[in-house]
Amino acid sequence: MSRYSLAVGVAPAEEIARLARQAEDAGFDTLWAPEMSHEPFLPLAAAATSTSRIQLGTSIALAFVRSPWVTALSALDMDILSGGRFILGLGTGLKRLNERWHGVAYGKLTPHIKECIQVIRLITENAHLGRPIRFSGQYYDLDIQGWQRPYPPQRERIPIFLAGVREGMIRTAAELADGLLGHAIYSLPWIRQTVLPSVARGLAQAGRERNQFHICLSVCCAVSRDGAAARRAVAATIAFYATVKTYEPVFAAFPSEYGLIQEADLKGETTAMVDAVSDEMIDAFAVAGTPEETRGKLKAYAELADSICLQPPDQLIDPAETEVYRQALLATFGG
């Protein structure tokens, strides 16, 4: 049986600490913090103050918008704060987001992310040794001399997980990273036909065994006795991700709905976007329903992964509603 982990948002520190303790006491494996509407490291720092066992990971931190130096130091600090429980989850994000929101270069994805991971590992594993840290590549050129981090690392190696949706990035994750962070819009056919074969190819290319790599699947999940409300909530998250052109192949089985969502988005008609999500799309891309129904539906995902990140619907709905669904996940899957 796969282990369950939980996606966490941002809130006052005492609320994050309380939620983290609840998740740990309920037996959840990891808390994952995303980077979209908030910074991913700070909620995890708050979570570290009230916990001692649960792992804490970024899902994701955008890889290219920070210097590898800043990312490496953040990872080292988080690992100390958590007593060796931190997982650095990285993702490339979208080209438009990187270039227009952050004003940074977005190179060719595979070589860019490979260099980024190499530099981060070089820094995290050598910063305390006091010797020069040098790297010369296509995207990064570092020459760090005359500096030594005065704190020894909590661990020799901090796990790095990489997010991926399409074949190339999933394969790269299996080649270089310690794990894959799946996207909430993975359908079961996409997992079986694209994700798992891409992982296998990446592992084979790197000469690695499957047991050396962790697959964490993220599932948008809404638990409620009000089944219609739960389905409407996950439909909003599905509609949001269907506006992203990069994800178009994932929605290939639903061309009509995808087109309607795109049209409604261009007109700024949020309600129409959500209305365009069919029941078949909801069943393909999310899990929604009563506690009994959601437990049953998640078994198919659990058979394909090492762990499952339960993500409450969090797009195009009120944040307070998201928190209600997060608490329902704790109550349903804890223990």
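Small disclaimer: the values here were computed from a predicted structure and weren't measured.

What counts, and at which threshold
Throughout, a residue's number is its position along its own chain's written sequence, starting from 1. At least 70 in pLDDT is required for a residue's local features to be given in this predicted model, at least 80 for side-chain atom pairs to be given and counted, and no such filter applies to totals for whole chains, interfaces and linings, which use all residues. Water and hydrogen atoms were dropped before computing side-chain values, which therefore reflect all heavy atoms in the structure. Ring geometry is summarised as follows: Phe, Tyr and Trp rings, the Trp one being its six-membered ring, pair when their centres sit within 6.5 Å, and such pairs are stacked at plane angles under 30 degrees, edge-to-face over 60 and tilted between the two. Note on conventions: DSSP H or I runs of at least 4 residues are helices, E runs of at least 2 residues are strands, and numbering of each starts at the N terminus. Each residue is assigned to one of three classes by its accessible area relative to the maximum for its type, calculated with a 1.4 Å probe on protein chains only: buried under 20%, partly exposed between the two thresholds, exposed over 50%. Whether two residues are in contact is decided by their heavy atoms: any pair within 4.5 Å suffices. Distance and chemistry together define a polar contact, namely a pair of N or O atoms within 3.5 Å, with one atom able to donate a hydrogen and the other to accept it when in protein, and with adjacent residues in sequence counting only for side-chain atoms on both sides. For helices, the fitted axis covers only the stretch in contact; all axes are lines through C-alpha atoms, and the angles between them, taken along N-to-C directions, range from 0 to 180 degrees. Every angle not falling under 35 degrees, over 145, or within 65 to 115 is termed oblique; those three ranges are roughly parallel, roughly antiparallel and roughly perpendicular. Each crossing is labelled by how the near helix is turned from the far one, with a counterclockwise turn of less than a right angle marking it left-handed and a clockwise turn marking it right-handed. Note on residue classes: Ala, Val, Leu, Ile, Met, Phe, Trp, Tyr, Cys and Pro are nonpolar, Asp, Glu, Lys and Arg are charged, and everything else, Gly too, is polar. Each salt bridge in this description consists of a side-chain nitrogen of Lys or Arg and a carboxyl oxygen of Asp or Glu lying within 4 Å of one another.

Draft legend 1. The packing of aromatic side chains, seen in detail. Taken as a whole, this structure holds ten aromatic pairs when the rule is applied. An angle of 35 degrees between the planes, with centres 6.0 Å apart, marks the rings of Phe41 and Phe86 as tilted. One end of the pair, Phe41, is in helix α2 (residues 41-48); the other, Phe86, is in strand β5 (residues 86-91), and 45 residues separate them in sequence. With relative accessibility at 6%, the residue Phe41 sits in the buried group.

Draft legend 2. Spatial organisation of the environment of Gln148. Within the secondary structure, Gln148 sits in the loop between β7 (141-144) and β8 (160-163). Separated by 123 residues in the primary sequence, Gln148 and Asp25 have C-alpha atoms spaced 38 Å apart. Dropping the residues within four chain positions of it, Gln148 is found in contact with Ala127, His128, Leu129 and Gly130. A distance of 2.6 Å separates a polar side-chain atom of Gln148 from the backbone oxygen of His128.

Draft legend 3. Spatial organisation of the packing of α2 against helix α3 (residues 68-81). Between α2 and α3, whose axes approach to 9 Å, the crossing angle comes to 15 degrees. Compared by their axis directions, α2 and α3 come out roughly parallel. For the pair α2 and α3, the sense of crossing is left-handed. Residues Phe41, Leu44, Ala45 and Ala48 of α2 touch α3, and the partners they reach there are Ser74, Ala75, Met78 and Leu81. Its residues placed into classes, the contact of α2 with α3 shows seven nonpolar, one polar and no charged.

Draft legend 4. Seen up close, the pattern of salt bridges. Overall, the coordinates contain 19 salt bridges when judged by the stated rule. A salt bridge links Glu35 to Arg66; the shortest N-O distance between them is 2.9 Å. Within this pair, whereas Glu35 is found in the loop between β2 (30-33) and α2, its partner Arg66 is found in the loop between β4 (61-62) and α3, the two being separated by 31 residues in sequence. Judged by its relative accessible area of 18%, Glu35 is buried. Here Lys95 and Glu99 are joined by a salt bridge, their closest N and O atoms 2.9 Å apart. Of this pair, Lys95 and Glu99 both sit in helix α4 (residues 95-101), four residues apart, which is roughly one turn of the helix. Judged by its relative accessible area of 35%, Glu99 falls in the partly exposed class. Through salt bridges that share partners, Arg121, Glu125, Arg157 and Asp178 make up one connected network.

Treat this as a map of the structure, not an account of what it does.
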